[in-house]
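Spelled out from the first residue to the last, the chains are:
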Amino acid sequence: MQIAILTFDGFNELDSLIALGVLNRVPGFEVSIASPTQQVRSMNGVTIDATMDLGEAWGADAVIVGSGRKTREVVEDLAIMSVLRGLDPERQLVAAQCSGALVLARLGLLDDVPACTDTITKPWVVAAGVEVLNQPFFARGNLATAGGCLASTYLATWVIARLHSLEAAKDAMHYVAPVGEKDEYVARALQNVTPYLTPALT
């Protein structure tokens, strides 16, 4: 399974790299950072190399649109948005973390679908005509959104459960959860994600 995490200049490390770390715990998953340039610099000055061209995300089994401080610039970039119009929840999982919800909204993928996002981005997503929920995770069909940096673990849990199994999602979350709190972290992830699994997995 190929998973692309769309990562733009000014990206939030927690949003992109936590999901990357959790998803890479699953055998058979190939997780890539997809960017419009060969290198992108985070909001805190960390530079990483892209391992996939942005356009290649069209062929991924799942795509997570990451967040960052320049998302409003991204959605005004006609070249980037033209490439992203190839994303298709009819044939792939499409998810967004925090301000990534604004990208999905501007692509028209959240028409009649409520979304989760961070508190700073909320007004922009609302202005794009999308209802914003006061919760960390929501999914409908092959679309999912998460709000708050650490909710990236919920996106990862959802992707793993949908593309592999719920048991694999539990194992991945158990691995990364704090020692002494592993059961609680796994239970919280399942509490937030399992109501939105399609088809239902147990």
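In what follows, the structure referred to is the one given above.
Here the structure is a predicted model, which is why all the values come from computation and not from measurement.

Reading the values: rules and limits
Residues numbered from 1 in each chain as written. Predicted model: local features only at pLDDT ≥ 70, side-chain atom pairs only at ≥ 80, totals over all residues. Heavy atoms only, no water. Salt bridge = Lys/Arg side-chain N within 4 Å of Asp/Glu carboxyl O. Helix = DSSP H or I, 4+ residues; strand = E, 2+ residues; numbered from the N terminus. Buried < 20%, exposed > 50% of the residue type's maximum accessible area, 1.4 Å probe, protein only. Pairing = 2+ DSSP bridges. Contact = heavy atoms within 4.5 Å. Axes fitted to C-alpha atoms, helices over the stretch in contact; angles between N-to-C directions. Polar contact = N/O pair within 3.5 Å; in protein donor to acceptor, adjacent residues only side chain to side chain. Phe/Tyr/Trp six-rings, centres within 6.5 Å; stacked < 30°, edge-to-face > 60°. Core = buried A, V, L, I, M, F, W, Y, C linked by side-chain atoms within 4.5 Å. 1 Å grid on protein atoms, 1.4 Å probe; cavity = no way out; pocket = protein on both sides within 12 Å on 5 of 7 lines; lining within 4 Å. Points joined across faces, edges and corners; volume = space filled by probe spheres on them. Nonpolar A, V, L, I, M, F, W, Y, C, P; charged D, E, K, R; others polar. Arc of directions from axis to C-beta.

**Student:** Looking at this structure, how should I read the pattern of salt bridges?
**Tutor:** If the charged atoms of two oppositely charged side chains come close together, the side chains can form a pair. Under the definition given, this model contains four salt bridges. D9 is the partner of K70 in a salt bridge, and the nearest nitrogen-oxygen pair spans 2.9 Å. One end of the pair, K70, is in the loop between β6 (62-65) and α2 (71-74); the other, D9, is in the loop between β1 (2-6) and α1 (13-23), and 61 residues separate them in sequence. Among the salt bridges present, the one from R91 reaches D88, with a minimum N-O distance of 3.8 Å. On the accessibility criterion, D88 (25% relative accessible area) is partly exposed.

**Student:** Please explain the sheet that holds strand β5 (residues 52-53) as it appears in this structure.
**Tutor:** Note on sheets: strands pair through backbone hydrogen bonds, and any given pair is parallel or antiparallel. Across the sheet, which stays open at both edges, the seven strands sit in the order β5-β2-β1-β6-β7-β9-β8 with mixed pairing between neighbours. Edge positions in the open sheet fall to β5 and β8 (137-140), since each of these has one partner strand only. Note: β6 against strand β7 (residues 93-97), four bridges, orientation parallel. Counted as the bridge partner of V63 is V94 from β7. Along the sheet face, helix α6 (residues 152-163) touches β1, β6, β7, β8 and β9 (143-146) and points at about 170° away from the line of β7.

**Student:** I tried to follow the side chain of T145 on my own but got confused; where do I start?
**Tutor:** Of note, T145 is situated in strand β9. Take T145: its relative accessible area is 2%, and that puts it in the buried class. Polar side-chain contacts of T145 include one of 2.9 Å to the backbone nitrogen of C116. Sequence-distant contacts of T145, defined by excluding residues within four places in its chain, comprise A96, A101, L104, P114, A115, C116, P136, F137, F138 and L155.

**Student:** I'm lost on the side chain of S16 in this one. Help?
**Tutor:** In this fold, S16 is placed in helix α1. In this structure S16 touches I5, T7, F11 and G66, once residues within four positions along its chain are discounted.

**Student:** Mind showing me how you'd approach the packing of aromatic side chains here?
**Tutor:** For any pair of aromatic rings, the description rests on two quantities: the centre-to-centre distance and the angle between the ring planes. Taken as a whole, this structure holds three aromatic pairs when the rule is applied. Consider the rings of F137 and W158, whose centres lie 6.3 Å apart with planes at 55°: the pair is tilted. Residue F137 is found in strand β8, and its partner W158 is found in helix α6; the two are separated by 21 residues along the sequence. Neither residue differs from the other here; F137 and W158 are each classed as buried. Clustering of aromatic rings is evident, with ring pairs tying together F137, F138, W158 and Y196.

**Student:** Is there a simple way to explain the nonpolar core in this structure?
**Tutor:** Burial of nonpolar side chains together is a common tendency in soluble globular proteins. Formed by 40 residues in total, the largest nonpolar core has its most connected members in L23, F137, W158 and I160. If you tally residues by element for this core, the top one is α6, at eight residues. If we skip the residues at most four places from it in the chain, L23 touches I3, F29, V31, I64, A156, V159 and I160. Listed in part, the 35 residues of the second largest apolar core include F8, A34, A96 and V113.

**Student:** In this structure, what is going on with the pairing of β8? I would like to understand it.
**Tutor:** On a regular strand, one side chain projects to one face of the sheet and the next to the other, so that they alternate. Pairing between β8 and β9: four bridges, direction antiparallel. Across the sheet, R140 pairs through a bridge with L143, a residue of β9. Adjacent in sequence and paired antiparallel, β8 and β9 are bridged by two residues, among which G141 carries a positive phi angle near 60°.

**Student:** Got a minute to help me understand empty space enclosed by the protein in this structure?
**Tutor:** Rolled over the atoms, a probe sized like a water molecule indicates the empty space that remains. Evaluation of the coordinates by the stated rule reveals one cavity of 30 Å³ or more. Contributing to the lining of the largest cavity are F8, D9, G10, F11, G66, S67, G68, R69, K70, T71 and V74. Taken together, the residues of the lining of the largest cavity sort by class into three nonpolar, five polar and three charged.

**Student:** What exactly am I supposed to notice about helix α7 (residues 166-176) here?
**Tutor:** Think of an α-helix as turning once every 3.6 residues; residues three or four places apart then point the same way. Listed as buried for α7 are L166, A168, A169, A172 and M173. Each buried residue of α7 sits inside an arc of 160° when the element is viewed along its axis, so together they form one side. Where α7 is buried, its residues touch α1, α6 and α8 (182-193).

Function cannot be read off these values alone, since they describe shape.
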